Structures are given as structure tokens and as C-alpha cells.
Amino acid sequence: MTNGLDYNKSEQYTLSIRLSTDGFSFSIYNPISGGDFYHRTYPINTQRSMAANVKAFLAATEELKHKFKHVNILVHSQRYTIVPLELFEDEQMENIFYQNVKEIKNETVLCNILGKSNSVILFSLDKLAHLLLSEHFTSARFFSSISPQIEYLSAKSRQGNSRKMYVNIHTENIDVICINKGRLLLVNSYLSPNCSDIIYYILNIWKNLEYDQRRDELHITGRDETRKEIIKELQKYISHVYSINPHAEFTSSEYNVKIEDIPFDIQSLILCE
């Protein structure tokens, strides 16, 4: 038994790894028992390549050397694009991706088909990093970090009659997902180093999509201090501004102790499992 987990039961567990330029993290949980849950962050060397950091991460992290029932790998990056499902063709995947995202060498283009929003996310990962992870976890599933957020929020947005904007605040950027009763209106990520930029993007999108400031809803998650400051400011302009509360989404008390420290894309993936 280590870190509250019994690794003799690891083949019952789901491992979710999150790769980001601001650090890696991973979560291990047992879908059968919410009490079996563990989350850990792993700092990276920003002077090294993604592949070099992945190699060091796999070598240094004892928890990753066990066998798991499922392995999910989330790539947190702005290098993604969204395509309507009815227009998606496998053989055109790279062509479509590079029409919207600047091409770089030595990367693999991947896709996530999202049934709840009838859309496809195309995204990329360093080719060697993808190879290292695929060899280490032979049955790994790769996701853009935006994908589970879209799936979870598409279902959640059907509650009530108002249009909804969801904002996830990261260290250097934000994800914005706008939905009207399950129908995607906008999905994008923006560089946002400070609160003023974040507020500008949100209000600009709100205006351009003609949201109703008295009726429609804004939901914000992510970095705690930044989120609180932004909510306080945006409440001057928008009537319905809410903080997404992970405690309300998880019924297990064991989850509730730890879930708020876990990135929202990982939370969304757990909820979509």
C-alpha cells in the first residue's frame, strides 16, 4: 500500500496523465471505489524537449511502472482545431489540421471524436513523445485536454434555458467553450498572462456572440486566486457569474477531499468515464 493505493490492485485502476508546458501531473483512481484516489504533479525542465521530459518522467516515477486497466494521456496545448463530425474524414486529418494550425516538424496528428457535441478535435503531440508513451503504455488513449471539457460541458449545458459560457483558467492561457443547450457556439484557447487580458477576452466574446447579460450564464474554473478576482470584476457586467465547484459533481467524500486540486480537464475526463 503506497500513497493510499494498493498497487496489487493496479489493474483495476485508471491512470490519467496530463502533459503541459507548465508541468506534468497524473491521477490514479479506482472507478469502482472512489476512495482509491491519488494525484501528483511533476515539474519539467523547460530547457528540454517534450520528449526528453517525457522520458525522464517515465523513468523517475515509480507509480507509472505498474499495469493499469485504462491509461489516458491528456495533451494540454493550444495546438488543436475543431471540425464538425459530418465533415470529418480520416484521410484528410493532417490536411485539415494544418489548414488551421501552423505546421511544425516531427509531430503526430491525433483525433478525438466527441459524440455529445457531434464534433471532432484534431490535435498534435511531439512524435518521439508519442512513441515513448505508446511503447510504455501499449493501450493508452490520447486526448486533447479540451476534449473531455467539451464532452462534459455539452451535457451539462442542457440544464436550463440559458446560453452558457465556460472558462478554464490556466497559468498562461484560458480555454473558452460557449454552448447553447449542447450546441457548440465557440471553442478556443487564448494566451492570457494577467487578469485584465482574461476579462477583456471574456467580455469581447460575450458581446460578439450577443449573449444576454441579464439571462445567460458565465461559469469559471481554474486557478483559484485569479478566478476569484475575475468573478468579482465580471459581476459588475454580467448578472449570472458562477464558480464551477468540483465538490458538487462528485458524490464520494473521498473524492471531495482531493478533487479541487486536480485540473478541470482531468476532472471532466473522470466524470465522462
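Look above for the structure.
Okay, so let's go over this structure. Since this is a predicted model, take the numbers as computed values, not measurements. (Residues numbered from 1 in each chain as written. Predicted model: local features only at pLDDT ≥ 70, side-chain atom pairs only at ≥ 80, totals over all residues. Heavy atoms only, no water.)

### Observations concerning the overall build of the protein
Point 1. In terms of regular secondary structure, the protein is built from eight helices and 13 strands.
Point 2. Against the 2.2 N^0.38 benchmark of 19 Å for 273 residues, the protein shows a C-alpha radius of gyration of 19 Å, consistent with a compact globule.
Point 3. Along the longest, intermediate and shortest principal axes, the C-alpha atoms of the protein span 55 × 45 × 35 Å.
Point 4. Within the protein, contacts between residues separated by at least 24 positions form 58% of all contacts whose residues are at least 6 apart in sequence.
Point 5. Approximately 13700 Å² of the protein is accessible, and the part contributed by carbon and sulfur atoms is 46%.
Point 6. Where the 29 positive side-chain charges of the protein centre and where its 33 negative ones centre are 2 Å apart. (Helix = DSSP H or I, 4+ residues; strand = E, 2+ residues; numbered from the N terminus. Rg over C-alpha atoms; globule rule 2.2 N^0.38 Å. Contact = heavy atoms within 4.5 Å. Areas by Shrake-Rupley, 256 points an atom, 1.4 Å probe, with all protein chains shown as cover. Lys, Arg positive; Asp, Glu negative; His and termini not counted. Charge placed at Lys NZ, Arg CZ, Asp CG, Glu CD.)

### Digging into the sheet that holds strand S9 (residues 164-169)
Point 1. Spatial strand order, S11-S10-S9-S12-S13: five strands in an open sheet with mixed pairing. Whereas interior strands pair on both sides, the edge strands pair on one side only; in this sheet they are strand S11 (183-191) and strand S13 (240-243). Averaged over all neighbouring strand pairs, the angle between strand axes comes to 15°, with direction disregarded.
Point 2. Across the sheet, helix H5 (residues 195-208) is in contact with S9, strand S10 (173-180), S11 and strand S12 (217-222); its angle to S9 comes to roughly 160°. (Pairing = 2+ DSSP bridges. Axes fitted to C-alpha atoms, helices over the stretch in contact; angles between N-to-C directions.)

### Brief notes about the sheet that holds strand S6 (residues 107-114)
Point 1. Spatial ordering of the open sheet is given by S5-S7-S6, a layout of three strands whose pairing is antiparallel. Unpaired on one side and paired on the other, strand S5 (80-84) and S6 mark the two borders of the sheet. Neighbouring strand axes in the sheet, compared pairwise and without regard to direction, differ in orientation by 25° on average.
Point 2. As defined by bridge partners, S5 adjoins strand S7 (residues 119-126) across five bridges and the pair is classed as antiparallel. Following the sheet pairing, Pro-84 is matched in S7 by Ser-119.
Point 3. Sitting on the sheet, helix H2 (residues 93-100) touches S5, S6 and S7, and the angle it makes with S6 is about 100°.

### A look at the pairing of S6
Point 1. Of all eight residues that make up S6, six are buried, and the element is covered over most of its length.
Point 2. In the sheet, S6 pairs with S7 via eight bridges, with the strands oriented antiparallel. Bridge assignment links Glu-107 to a residue of S7, and that residue is Asp-126.
Point 3. Once S6 ends, the chain turns through four residues before running back antiparallel as S7, passing Asn-118 with a positive phi of about 50°. (Buried < 20%, exposed > 50% of the residue type's maximum accessible area, 1.4 Å probe, protein only.)

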